[in-house]
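Listed here are the chains, written in short residue letters.
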Amino acid sequence: MTCAWIGAGESVAQPSADDLHTVGRYPLRYYAPAEHGRARSNSHVTQTPDGLSYVANARGVLVYDGHSWTPIEDPLLTGVQALSYGFDNLLYVAAEGHPGYLAPDEGGQLRFHSLAEHLPASYRALSTLWDVSATAHGVYFTAHEGWLLRWDGQALQIIEEGG
């Protein structure tokens, strides 16, 4: 396995045939922002069953296939803090003010789908979403305001701190 060091220090494992003969040590590969084309700040990495790595970046989501970087372009994908691959094969995203997910469009390109429209108006002024966890019982987003948001595939439930 090769451990890739991305921007400010997050890592993701990618297998390499040459690395399988190395015992106890994994080579590191640093990817500077100039190589992946986005911000220096990366906060989370996840890998999907197809072997692609997804990086939560301050300026969006980056996809790494082991050879090249592809940014997912969307104006709502800023301040991405966390990613979680769900049982429904969607990649959930905790972005600045926007809980959501990535899903392919008709042409197979990944697009961001914000779930903010499912929030009551009084809760739509979300700031940072710090984390997302996809479970068999729903997808949970942690908001800076102390709220826990639970997505069940149809609606967002707000669980306030202490409630």
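For clarity, every value in this text was computed on a predicted model and none was experimentally measured.

### Some words on the sheet that holds strand 8 (residues 82-85)
Taken together, the four strands give an open sheet; going across it, the order is 8-9-10-11, and neighbouring strands pair in antiparallel fashion. One side of each edge strand has no neighbouring strand; the edge strands of this open sheet are strand 8 and strand 11 (110-114). Shown here is a sheet whose adjacent strand axes are inclined to one another by a mean of 25 degrees, direction ignored. Judged from the five bridges that link them, strand 9 (residues 91-95) and strand 10 (residues 98-104) form a sheet pairing that is antiparallel. Residue pairing in the sheet places Tyr 92 in a bridge with Tyr 101 of strand 10.

### Some points on the side chain of Ser 84
Here Ser 84 lies in strand 8. Of note is the side chain of Ser 84, whose polar atom sits 2.9 Å from the backbone nitrogen of Ala 134. Not counting the four nearest positions on each side in its chain, Ser 84 is found in contact with Leu 90, Leu 91, Tyr 92, Val 132, Ser 133 and Ala 134.

### Some points on the environment of Tyr 101
Inspection of the secondary structure puts Tyr 101 in strand 10. In this structure the C-alpha to C-alpha distance between Tyr 101 and Leu 115, which are 14 residues apart in sequence, comes to 7.9 Å. For Tyr 101, the residues in contact, after removing those within four places along its chain, are Leu 90, Leu 91, Tyr 92, Val 93, Arg 111, Phe 112, His 113 and Leu 115.

Rules used in this analysis
- Residues numbered from 1 in each chain as written.
- Predicted model: local features only at pLDDT ≥ 70, side-chain atom pairs only at ≥ 80, totals over all residues.
- Heavy atoms only, no water.
- Pairing = 2+ DSSP bridges.
- Helix = DSSP H or I, 4+ residues; strand = E, 2+ residues; numbered from the N terminus.
- Axes fitted to C-alpha atoms, helices over the stretch in contact; angles between N-to-C directions.
- Polar contact = N/O pair within 3.5 Å; in protein donor to acceptor, adjacent residues only side chain to side chain.
- Contact = heavy atoms within 4.5 Å.

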